[in-house]
Amino acid sequence: FTGEMQITCKTKMPPHSTFSAPFCPRSIPSGATSFDARGTSGVRVYVVYNPNAVKKPAGTSKWTLNSQVEVIVSMDIPSSTVNDSKVRGLLVCSFSCHLGPGLPSAFVISDVSLDADTDRSGMVKSNGTNKTQWTWGPDGQGAVLLVNCDRDSPVANAYLFSFQDLEDMSLMILRRQGPNAIFADYKLVLHVSVSDVDKVRVFHASGDGSLAQYKHVLGSHKRSYVVDRPSGEEEDTFYVEGLAFPDADFSGLVSFSVTLLENAPDTPVFTDTVVFRVAPWIMTPNTLQPLEVFVCRDSNSNADFLEAMRALVRKANCKLTICPEVENQHDRWIQDEIEFGYVEAPHKTFPVVFDSPRDRGLKDFAFRRILGPDFGYVTRVPPHGHVSSLDSFGNLDVSPPVTVQGKTYPLGRILIGSSLPRSSGRRMTKAVRDFLYAQKVQPPVELYSDWLSVGHVDEFLSFVPAPDRKGFRLLLASPDACYKLFKEKQREGHGNAAQFAGLENVQTITIDKMLADEALRSDSEYVQSCIDWNRHTLKEELGLTEQDIIDIPQLFVLNSSRADAFFPDMVNMIVLGKHLGIPKPFGPIVDGQCCLEENVRSLLEPLGLVCIFINDFFSYHTLSGEIHCGTNVIRKPFSFKWWNMIP
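Residue numbers run consecutively from 1 along every chain, following the written order of its sequence. Per-residue local features are limited, in this predicted model, to residues with pLDDT of at least 70; the limit for side-chain atom pairs, both in listing and counting, is 80 or more; totals at the level of whole chains, interfaces and linings are taken over all residues. Just so you know, side-chain values use all the structure's heavy atoms and leave hydrogens and water out.

In the annotation of an unreviewed UniProt entry, the chain is listed under the name protein-arginine deiminase and assigned to Terrapene triunguis. Its UniProt record gives the chain a comment under Subcellular location (unreviewed entry), which states: "Cytoplasm". UniProt positions are given in the numbering used here, feature names are shortened, and annotations may be inferred rather than shown by experiment. If you open the UniProt record of the chain and go to Catalytic activity (unreviewed entry), you find "L-arginyl-[protein] + H2O = L-citrullyl-[protein] + NH4(+)".

Written out as structure tokens, the structure reads:
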């Protein structure tokens, strides 16, 4: 074990004078084998040894206890009064011995350390190194803290109602060794800074292990706690939970300290500190394994759609949850209301739903029905309550892992739809954007989506898994690709084939008429320029090349200067592994097949993907949305540990 050595000099010491502390074999406790000694500011500590008998330790190794080893202490400046300086060091054993001529045996030895899982192994080790700094990367150090955002207890407060709460918390252990008598003149105080006191909560484990014995001692306005030492106990176990995610006003770093105070008056003798980082909220891209699909029932208006989703989910081998009308209040746009992600520490991982500030019929669904044991909840609301369509989470996506100019983003990058730089258009509310940027591990990219009536990024892009290259393809809606396809069919003699054929009460339009429609052509050219602006940004910010992008044929029309999909928007799909649920476009029938469907199959099936076209025309498309807008997916977390990245 390590020990705190305090030497109080009873006489004045001149500058650069020295005294030594030889190790007395009779005083060494049984089992002690080595030691370390260090001095505080103004004190120099030297170890004198016989090189023929003692080997000098290398690296972080400690000195072997040996009768031929002495600790030499030197003061840099003279003492002005008796008792004005204390020499402090760390020893590997607890003992007392004579200090030499003229100096009495006037020291006590005590070991005090505050430890956490600083090496992120899932275990708390004694006297970990670099506890006061939190560093990123596979060789980084620093403990991790989870926000208590799930509902293991009936209500969140300063008391524990469930042992499941403890399983989410991070351990912090206070270790101390030495004579009990020292605590008659000294006390140990565990404390947290004023800025962090509302970000955490700490419980002290004591007594018989019942829930009532876990005492709330720090956080929620409690800044310090005096730790009593019951006779014979050398460890105190604390459970730590976060109360706040990183945000614009909170870096996510929290430090706890234990200070040994000499009584009357309180004088700090020694402080040990450990730093935690609150785990960020992490989004999951389409390339991760789907676990559960959510969709809303709305009377009988989407009954056929729900049947098609059941069939798709069975093929993808995942769970389907249908939100009933009584819970969705006729709001079928579940993608717009919530985004699923997760939090992770070395000891625990659980999903967390992010509830948007959109607040329509589904506004209470996540809090009432999803929040529960090991399923967390977080939300952000603008200060004045004003939101726009861009605050819906169809306007929030995340890329798969990418490398950009040598910098790796192993958890991908968040994509947010916005207005053009320096324009006065719609943007996602600052409260949500600040939260997303503060998580650090998926640095956001702001795209241009304000050109759309609804204004969501999922209207013009999606990601699908691929077996080659970067492991995915970016799909972009493309008027140019659609015009190219229609011109090809016209040249082949299919100009009379009509869009929307087979739909009741929907006016059809032939390929010839679409190609001759100047207004449709003008609208499509404008939309293509907007998508091209995003294409350039995505290539730059995600490190993509043209070979990583697939253009999906799609036409748009302008409505009061903003665009809507002319036919069901095929990039607005649900991705369940290799199975894709794609809005059925009702394109011109050529040789008995929809030419739009055939084109998309030819683009995606070579990647091993299965294209399943689902009719959402009246249940979603005519209401300004598609399949992605009306569904949501919980996915398996990344295998990569976020703390191993370097932001």
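**Student:** Before we move on, could you go through the overall build of the chain and cite the residues and values that matter?
**Tutor:** Helical segments are the DSSP runs of H or I of at least four residues, strand segments are the runs of E of at least two, and each set is numbered from the N terminus. For the chain, the helix and strand inventory stands at 11 helices and 41 strands. Exposure classes here rest on a 1.4 Å probe applied to the protein chains alone. A residue is buried below 20% of its type maximum, exposed above 50%, and partly exposed in between. A burial count over the chain gives 54% of its 647 residues as buried. Whether two residues touch is decided by their heavy atoms; if any such pair falls within 4.5 Å, the residues are in contact. Look at the contacts in the chain between residues 6 or more apart in sequence, and 74% of them connect residues 24 or more apart.

**Student:** Provide a residue-level description of the nonpolar core, including the pertinent values.
**Tutor:** By convention a nonpolar core is built from buried Ala, Val, Leu, Ile, Met, Phe, Trp, Tyr and Cys residues, the set being connected through side-chain atoms within 4.5 Å. Ranked by size, the top nonpolar core spans 66 residues in total, and within it Met172, Phe238, Phe256, Leu436 and Trp642 carry the most contacts. Top element by residues in this core is strand S17 (residues 267–278). It accounts for 6 residues. Boundary definitions for the domains trace back to an automatic or database domain assignment. Two domains share this core, each providing at least three of its residues, namely domain 2 (111–278) and domain 3 (282–644). If you look at the next biggest cluster of nonpolar residues, it comprises 65 residues, including Cys482, Ala497, Met573 and Phe617.

**Student:** Provide a residue-level description of the packing of aromatic side chains, including the pertinent values.
**Tutor:** Between the rings of Phe, Tyr and Trp (Trp by its six-membered ring), a pair exists once the centres lie within 6.5 Å; its type follows the angle of the planes, with under 30 degrees stacked, over 60 edge-to-face, and the other angles tilted. On inspection of all chains with the given rule, the structure shows 27 aromatic pairs. Here Phe586 and Phe617 contribute two aromatic rings whose centre-to-centre distance is 5.9 Å and whose plane-to-plane angle is 85°, an arrangement assigned as edge-to-face. With Phe586 in the loop between strand S37 (579–583) and strand S38 (589–590) and Phe617 in the loop between strand S40 (610–614) and strand S41 (631–635), the pair connects residues that are 31 residues apart, well separated along the chain. An identical accessibility class is assigned to Phe586 and Phe617; each is buried.

**Student:** Let's hear about a negative patch on the surface: which residues, and what values?
**Tutor:** A patch is a set of surface residues, each over 30% in relative accessible area and not in a salt bridge, joined within 9 Å for like charges and within 5 Å for the nonpolar side chains Val, Leu, Ile, Met, Phe, Trp and Tyr. In these tables, accessible area is a Shrake-Rupley quantity obtained with a 1.4 Å probe, and a residue counts as shielded only by the protein chains included in the view. Within this document, salt bridges are pairs made up of a side-chain nitrogen of Lys or Arg and a carboxyl oxygen of Asp or Glu, the two lying within 4 Å of each other. For the purpose of counting charges, residues Lys and Arg are taken to be positive, whereas Asp and Glu are taken to be negative. His and the chain ends are not included. Where a charge lies is defined by one atom per residue type: Lys uses NZ, Arg uses CZ, Asp uses CG and Glu uses CD. There is a patch of like negative charges on the surface, built from Asp480, Glu518, Glu525 and Asp532. For the negative patch, the element with the highest residue contribution is helix H10 (residues 518–542), accounting for 3 residues. Tracing the backbone through its elements, the reader meets Glu518 in helix H10.

**Student:** Now, about unusual backbone geometry: what can you tell me, with residues and values included?
**Tutor:** Backbone geometry follows two general trends: most residues other than glycine have a negative phi, and most peptide bonds adopt the trans configuration. Positive phi, normally seen in glycine, also occurs at His330, with a value near 65°. Looking at where His330 falls in the secondary structure, it is placed in the loop between helix H4 (325–328) and helix H5 (334–337). A relative accessible area of 52% means that His330 is categorised as exposed. Here the phi dihedral of Asp374 falls at roughly 55°; this positive angle occurs in a residue that is not glycine. According to the relative accessible area criterion, Asp374 is partly exposed, its value standing at 27%.

**Student:** Any details on the packing of helix H8 (residues 479–491) against H10? Residues and values, ideally.
**Tutor:** Remark: H8 packs on H10, axes separated minimally by 8 Å, with the N-to-C direction vectors making an angle of 135°. What the angle tells us is that H8 and H10 run oblique. Residues Pro479, Asp480, Tyr483 and Lys487 of H8 pack against Leu520, Arg521, Ser524, Val527, Gln528 and Ile531 of H10. Residue polarity follows a fixed list, in which Ala, Val, Leu, Ile, Met, Phe, Trp, Tyr, Cys and Pro are nonpolar, Asp, Glu, Lys and Arg are charged, and the others, Gly among them, are polar. Each residue belonging to the contact of H8 with H10 can be placed in one class, and the counts come to 5 nonpolar, 2 polar and 3 charged. Axes here mean lines fitted to C-alpha atoms, for a helix over just the part in contact, with angles spanning 0 to 180 degrees between N-to-C directions. Small angles under 35 degrees read as roughly parallel and large ones over 145 as roughly antiparallel, with 65 to 115 read as roughly perpendicular and the rest as oblique.

**Student:** If you had to explain the sheet that holds strand S33 (residues 549–553) to someone new, which residues and values would you point to?
**Tutor:** For two strands to be treated as a pair, DSSP must find no fewer than two bridges joining them. Within the open sheet, the 3 strands sit side by side as S29-S30-S33. Their pairing is mixed. Bordering the open sheet on either side are strand S29 (461–465) and S33, each of which pairs with just one other strand. Sheet twist, expressed as the mean angle between neighbouring strand axes with direction ignored, is 30°. Pairing analysis gives 5 bridges linking S29 to strand S30 (residues 472–478), with the strands arranged antiparallel. Bridge pairing in S30 links Val464 to Arg473. Packing against the sheet, H8 makes contact with S30 and S33, and its axis sits at approximately 75° to S30. Packed onto the sheet, H10 meets S29, S30 and S33 and runs at close to 165° relative to S30.

**Student:** Can you break down the side chain of Thr510 residue by residue, with the values?
**Tutor:** Note that Thr510 resides in strand S32 (residues 509–510). Owing to a relative accessible area of 18%, Thr510 belongs among the buried residues under this scheme. Polar contact is the term for a pair of N or O atoms within 3.5 Å; when the atoms are in protein, one must be able to donate a hydrogen and the other to accept it, and sequence-neighboring residues count only if both atoms are side-chain atoms. A distance of 3.1 Å separates a polar atom in the side chain of Thr510 from the backbone nitrogen of Lys513. Excluding its chain neighbours within four sequence positions, the residues that come into contact with Thr510 are Gly495, Asn496, Ala497 and Ala498.

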